[in-house]
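Understanding the architecture of this molecule
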Amino acid sequence: MQLPEDFIRYTRAMMGEERFEQYLQAFNGDAPVSIRLNPLKAAGMTVAEGEPVPWCQEGYYLPRRPQFTMDPLLHAGCYYVQEAASMFVSHVLRQYVSRPVSMLDLCAAPGGKSTAAIASLPAGSVLFSNEPVRQRASILLENITKWGYPDSTVTNNYPRDYRASKLRFDVILCDVPCSGEGMFRKDQATIGEWSLQNVERCAALQYQIVRDAWTCLNPGGLLIYSTCTFNTKENEENIQLILNELEDCYVLPVDTQPAWNITSSLLEGFTEPVYRFVPGITKSEGLFLCVLCKGEPTLNGQNKSVKEIPILSKTGKIRLNLLSPPKSPPTTVETSLNYQQAMAYLRGEALMLPSDTPRGTVSVTFDGHVLGTVKNIGSRANNQYPKEWRIKTTHIPTDYETILRHT
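Anyway, here's the lowdown on the structure attached to this text. (Residues numbered from 1 in each chain as written. Predicted model: local features only at pLDDT ≥ 70, side-chain atom pairs only at ≥ 80, totals over all residues. Heavy atoms only, no water.)

Section: the overall build of the protein chain
Helix and strand counts for the protein chain come out as 11 helices and 19 strands. Its C-alpha radius of gyration of 22 Å places the protein chain within 12% of the 22 Å reference for a compact globule of 407 residues. Each principal axis of the C-alpha distribution contributes one length, and for the protein chain these read about 75 × 55 × 35 Å. Residues classed as buried in the protein chain amount to 55% of the 407 residues present. (Helix = DSSP H or I, 4+ residues; strand = E, 2+ residues; numbered from the N terminus. Rg over C-alpha atoms; globule rule 2.2 N^0.38 Å. Buried < 20%, exposed > 50% of the residue type's maximum accessible area, 1.4 Å probe, protein only.)

What to know about the sheet that holds strand E16 (residues 360–366)
The mixed open sheet is built from 4 strands, whose spatial order is E15-E16-E17-E18. Across the chains shown, the open sheet's two edge strands, defined by having one partner strand only, are strand E15 (334–336) and strand E18 (381–383). Put simply, the sheet's adjacent strands are angled 45° from each other on average, direction ignored. Looking at chain direction, strand E17 (residues 369–376) and E18 are connected through 3 bridges and run antiparallel. Within E18, the residue paired with asparagine 376 across the bridge is alanine 381. Packed onto the sheet, helix H11 (residues 339–346) meets E15, E16, E17 and E18 and runs at close to 70° relative to E17. (Pairing = 2+ DSSP bridges. Axes fitted to C-alpha atoms, helices over the stretch in contact; angles between N-to-C directions. Contact = heavy atoms within 4.5 Å.)

Thoughts on helix H10 (residues 236–245)
Among all positions in H10, only Glu236, Asn238, Ile239, Ile242 and Leu243 are buried. One face of H10 carries all of its buried residues, which in axial projection span an arc of 160°. For H10, the secondary structure elements touched by its buried residues are helix H9 (196–214), strand E10 (217–227), strand E11 (249–252), strand E12 (275–277) and strand E13 (287–294). (Arc of directions from axis to C-beta.)

Thoughts on the side chain of threonine 373
Position of threonine 373 among the secondary structure elements: in strand E17. By relative accessible area, which is 5% here, threonine 373 ends up buried.

Overview of H9
The end-to-end C-alpha distance of H9 is 27 Å, a good match for the 27 Å that 19 residues give at a rise of 1.5 Å each. Those residues of H9 not exposed but buried are Asn198, Val199, Cys202, Ala203, Gln206, Tyr207, Ile209, Val210, Asp212, Ala213 and Trp214. (Expected span 1.5 Å × (residues − 1).)

Some remarks on the sheet that holds strand E1 (residues 33–37)
Taken in spatial order, the 4 strands make up an open sheet running E3-E4-E1-E5, and their pairing is antiparallel. Lying at the two open borders of the sheet, with one neighbouring strand each, are strand E3 (51–52) and strand E5 (79–81). Where E1 and strand E4 (residues 59–62) come together, 4 bridges link them in antiparallel fashion. In the strand pairing of E4, serine 34 is matched with tyrosine 61.

Let's talk about the nonpolar core
Residues Trp55, Phe88, Leu93, Val171 and Leu222 are the most contacted members of the largest nonpolar core, which totals 39 residues. When residues of this core are traced back to their parent elements, those giving at least two are helix H4 (88–96), helix H5 (112–120), strand E9 (169–175), E10, E12 and E13. If you tally residues by element for this core, the top one is H4, at 5 residues. The residues touching tryptophan 55, leaving out its near neighbours within four places in the chain, are Tyr61, Ala84, Ala85, Met87, Phe88, Ser90, His91, Trp260, Phe277, Thr282 and Lys283. By size, the runner-up hydrophobic cluster in this structure holds 36 residues, among which are Ile35, Tyr79, Leu351 and Val374. (Core = buried A, V, L, I, M, F, W, Y, C linked by side-chain atoms within 4.5 Å.)

Considerations on unusual backbone geometry
Going from alanine 109 to proline 110, the amide bond is cis rather than trans, its omega being 5°. Residue position: proline 110 is located in the loop between strand E6 (102–105) and H5. Backbone geometry places lysine 166, a non-glycine residue, at a positive phi of 65°. For lysine 166, the position within the fold is in the loop between helix H7 (159–165) and E9. Phi is positive for asparagine 261, which is not a glycine, with a value near 60°. Along the chain, asparagine 261 falls in the loop between E11 and E12.

Concerning the packing of aromatic side chains
Counted by the stated rule, this structure contains 20 aromatic pairs. Aromatic side chains phenylalanine 7 and phenylalanine 184 sit 5.0 Å apart centroid to centroid with 65° between the ring planes, which places their arrangement in the edge-to-face category. Placement of the pair is phenylalanine 7 in helix H1 (residues 5–15) and phenylalanine 184 in the loop between E9 and helix H8 (189–193), with a sequence separation of 177 residues. Taken as a pair, phenylalanine 7 and phenylalanine 184 share a single burial class, namely buried. Look at phenylalanine 88 and phenylalanine 277: their rings are 5.2 Å apart centre to centre, the planes differ by 65°, and that puts the pair in the edge-to-face class. Here phenylalanine 88 is found in helix H4, whereas its partner phenylalanine 277 is found in strand E12, with 189 residues between them in sequence. Taken individually, phenylalanine 88 and phenylalanine 277 each receive the classification buried, so the pair is uniform in this respect. An aromatic cluster is built from Phe7, Phe20, Tyr23, Phe27, Phe184, Trp194 and Phe230, whose rings are joined through pairwise contacts. Positioned above the aromatic ring of tyrosine 158, the side-chain terminus of arginine 160 is 4.5 Å from the ring centre. Over the aromatic face of tyrosine 61 sits the side chain of lysine 283, whose NZ or CZ is 4.3 Å from the ring centroid. (Phe/Tyr/Trp six-rings, centres within 6.5 Å; stacked < 30°, edge-to-face > 60°. Lys NZ or Arg CZ within 6 Å of the ring centre and 35° of its normal.)

Some details on the side chain of threonine 190
On the secondary structure map, threonine 190 appears in helix H8. Separated by 2.6 Å, the side chain of threonine 190 and the backbone oxygen of aspartate 187 make a polar contact. (Polar contact = N/O pair within 3.5 Å; in protein donor to acceptor, adjacent residues only side chain to side chain.)

Looking at the environment of alanine 350
The residue alanine 350 is located in the loop between H11 and E16 in this model. By relative accessible area, alanine 350 is classed as partly exposed at 45%. A sequence separation of 26 residues divides alanine 350 from asparagine 376, and the C-alpha atoms of the two residues are 9.5 Å apart. Each residue touching alanine 350, except ones within four places of it in the same chain, is listed here: Arg380 and Ala381.

Structure follows, in structure tokens:
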């Protein structure tokens, strides 16, 4: 693998020789595979094989990469395939948020951090997951819908639209677009897209996104800033600019363990607590994260109902573009599918149900988990699984590869 010379020169000087060599050695091995269980749907389940991700109580490393697409439980929303470092957001939220809050994930597609967030927030919290790019917003909607938590809303707007809307939130996650250095090992296409000029462009865009987000943050609220890149221009230097330019902005520390091997600041003279995940040092892909607070934090120790937070009553000049999830007719009738039937359903095929199945709308399940609905007309059951979610491949394994098991 040939890394850009400018990247090698800069990153070697930033990390130091020993840390940079450890990073390079990571390219000689496979990227770790990890999933995060859905507490709402996978209660009483665990991984068939694997070991815990130490900073996320629902996260697990798997010994190898299975064919996730061929597992109906993935499509049922029982777990999410997510890079381990990205699960760190759940650890941050559990440390700092103990009452119901309103949260905005501003750059949310495909939905990994949003699903981690809503599963980690106290019951009664509300989450807005936003993605500016329409096609990516559709993927986000699918993942949020399958995750199945109430009080989750998907929008397709730019950060400046949220600023103009005058909505206010207690927590805002800015997982900002970046130069992607932390994804080089996992996605080699990002290597060809990297340049010093792109680093500069990304840093400027990231700062503007945070400025827009800051106006939407309630006093005492948290802004979680993250990138999947290493350089200090998009990380520490941007954080320093934010601290200098934004009013009442402070950095909060996150509790960690030495065994996690998380790297702190790599910018000389910058002493604020930041958290950098470096492949070859931490068991993950690359990530940078910093927690900012608007004044004194107020999200712990208060028994305030989120319904008292009028986030929907302060709309300003624009109306947010809400994406409505596909609606299935309500039903109390369920029928269980075997593996081959479940995969046929996920491909969009009509099914033949047992002769005693009532006619009308029926929920179909696999291993006790609802996949969707069919309309049973007697001679067959017409598939109502959303067309845009259907599996395209026609090659289905004969045997089911078990990823989750019941405890």
